[in-house]
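# Secondary and tertiary structure notes
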Amino acid sequence: MKNDRGRDVPLWSTLWDDSGRGGYPPVALVFTKDVGTEARMNRIKTIRDLSRTCWQPRWQNSHGWSPRDTEEDGWWDFAGTVPVIATHLDQLRAHGPHGPVWWRFGHSDWQPITDALTNTGTQEEYHARQDRRRQEQEAARAVEDQRRREEPAQWEATWECPSCQSDVEPGTVGPDGHRPTEGGLCPACEHTRREAEREHQAAEEAARNNGILARLRARTGDR
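What counts as what
- Residues numbered from 1 in each chain as written.
- Predicted model: local features only at pLDDT ≥ 70, side-chain atom pairs only at ≥ 80, totals over all residues.
- Heavy atoms only, no water.
- Helix = DSSP H or I, 4+ residues; strand = E, 2+ residues; numbered from the N terminus.
- Buried < 20%, exposed > 50% of the residue type's maximum accessible area, 1.4 Å probe, protein only.
- Contact = heavy atoms within 4.5 Å.
- Areas by Shrake-Rupley, 256 points an atom, 1.4 Å probe, with all protein chains shown as cover.
- Core = buried A, V, L, I, M, F, W, Y, C linked by side-chain atoms within 4.5 Å.
- Pairing = 2+ DSSP bridges.
- Disulfide = S-S within 2.5 Å.
- Polar contact = N/O pair within 3.5 Å; in protein donor to acceptor, adjacent residues only side chain to side chain.
- Phe/Tyr/Trp six-rings, centres within 6.5 Å; stacked < 30°, edge-to-face > 60°.

### Remarks on the overall build of the protein
Scanning the protein from N- to C-terminus turns up 7 helices and 8 strands. By the burial criterion, 24% of the 223 residues in the protein qualify as buried. The contacts in the protein between residues at least 6 apart in sequence include a share of 41% that link residues at least 24 apart. Put simply, the protein shows about 15,900 Å² of open surface, and 51% of that area lies on carbon and sulfur atoms.

Okay, here's the thing in structure tokens:
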């Protein structure tokens, strides 16, 4: 039919406002026959499979249409699709129309009607993921640029250890918490030097003590 501007439009677009979801108005199927749970689900799945071409969206990526299993990321295009939701009369009686009683073809569980009619995997979600990835890449580049700017200054501040000739960076901490002074020994060599100095002092202390004991013994022998 024609709208108020004389353009040919679908009849439904003159009766309901655009939902913003894309595609056509949804179809709700309510099964009323009193059968077992398994038989009920089998009937729903049979209708789902037979009507797949009506409700199944197409997988898109930045290059156009693509098979779902060959594209790393993309979105579902719901244009031209009919959302189909299904339930059983017993579920409606027990939980009401706003309870988790609706199963949308293409979804994996029972949902409230608003959630069931909400398109997922949309282009907007894809763009949001792209924005997050772009922000993460920009942050990584900023960190790398900062590292590259600081690296020359860092190397200029290093010096050669007088003992082992290894490069010593400012702020390096040794095993005993020692921080080398500019131009001094590296932490490892400084640690070795301190250990040797302690051993030397201990040996000198032992020698002094042994000397005192020897003199005491000699005096005692003279008596």
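### Digging into the nonpolar core
Judged by nonpolar contacts, Phe31, Met41, Ile44, Trp55, Val84, Ala86, Trp103 and Phe105 together constitute the single largest core of 8 residues. Those elements that provide at least two residues to this core are α2 (37-50) and β5 (84-88). If we skip the residues at most four places from it in the chain, Trp103 touches Met41, Ile44, Lys45, Arg48, Val84, Ile85, Ala86, Ser108, Asp109 and Trp110. Counting residues in hydrophobic clusters, the runner-up holds 6 residues, among them Ile85, Leu92, Trp102 and Leu117.

### Considerations on the sheet that holds strand β1 (residues 27-31)
Here 3 strands make up an open sheet; going across it, the order is β1-β5-β6 and the pairing mixed. What marks the edges here is a single partner per strand, and that holds for β1 and β6 (103-104). Inspection of the sheet shows β1 paired to β5 by 5 bridges, in the parallel sense. Counted as the bridge partner of Phe31 is His88 from β5.

### Observations concerning the environment of Val82
Along the chain, Val82 turns up in the loop between β4 (75-77) and β5. Once the C-alpha coordinates of Val82 and Cys54 are considered, the two residues, 28 residues apart in sequence, prove to be 5.8 Å apart. Excluding its chain neighbours within four sequence positions, the residues that come into contact with Val82 are Tyr24, Pro25, Val27, Cys54 and Trp55.

### Quick look at the state of the cysteines
Evaluation of the coordinates by the stated rule reveals 0 disulfides. Free of any disulfide, Cys164 has its nearest neighbouring cysteine sulfur in Cys189, separated by 3.6 Å. On the basis of relative accessibility, which here comes to 36%, the residue Cys164 falls in the partly exposed class.

### Side note on the environment of Phe31
Summarising the element assignment, Phe31 is placed in strand β1. Taking the relative accessible area as the measure of exposure, Phe31 reaches 16% and is therefore buried. For the pair Phe31 and Leu89, spaced 58 residues apart in sequence, the C-alpha separation works out to 6.1 Å. When near neighbours in sequence (up to four residues on either side) are disregarded, Phe31 contacts Arg43, Ile44, Ile47, Ala86, Thr87, His88 and Leu89.

### Describing the pairing of β5
Judged by how many residues are buried, β5 sits mostly within the fold: 5 of 5 residues are covered. Of the two faces of β5, the one holding Val84, Ala86 and His88 and the one holding Ile85 and Thr87 are both buried throughout. Where β5 lies against β6, 2 bridges are found, and the strand directions are antiparallel. By the bridge assignment, Ile85 is partnered in β6 with Arg104.

### Focus: unusual backbone geometry
The residue Gln165 is not glycine, and still its phi comes out positive at about 65°. Note that Gln165 resides in the loop between β7 (159-160) and β8 (167-168).

### Describing the side chain of Thr87
Looking at the element boundaries, Thr87 is found in strand β5. Within polar-contact distance, the side chain of Thr87 engages the side chain of Gln91 at 3.2 Å. A polar side-chain atom of Thr87 sits 2.7 Å from the main-chain carbonyl oxygen of Val101.

### So, the packing of aromatic side chains
Taken as a whole and assessed by the stated rule, the structure comprises 5 aromatic pairs. Here the aromatic rings of Trp59 and Trp76 are separated by 5.0 Å at their centres, their planes lie at 70°, and the arrangement is edge-to-face. Taken as a pair, Trp59 in strand β2 (residues 58-61) and Trp76 in strand β4 lie far apart in primary sequence, 17 residues in all. With 6.4 Å between their ring centres and 50° between their planes, Trp103 and Trp110 make a pair best called tilted. Of the aromatic side chains, those joined through ring pairs into one cluster are Trp55, Trp103, Phe105 and Trp110.

All we've got here are geometric facts, nothing functional implied.
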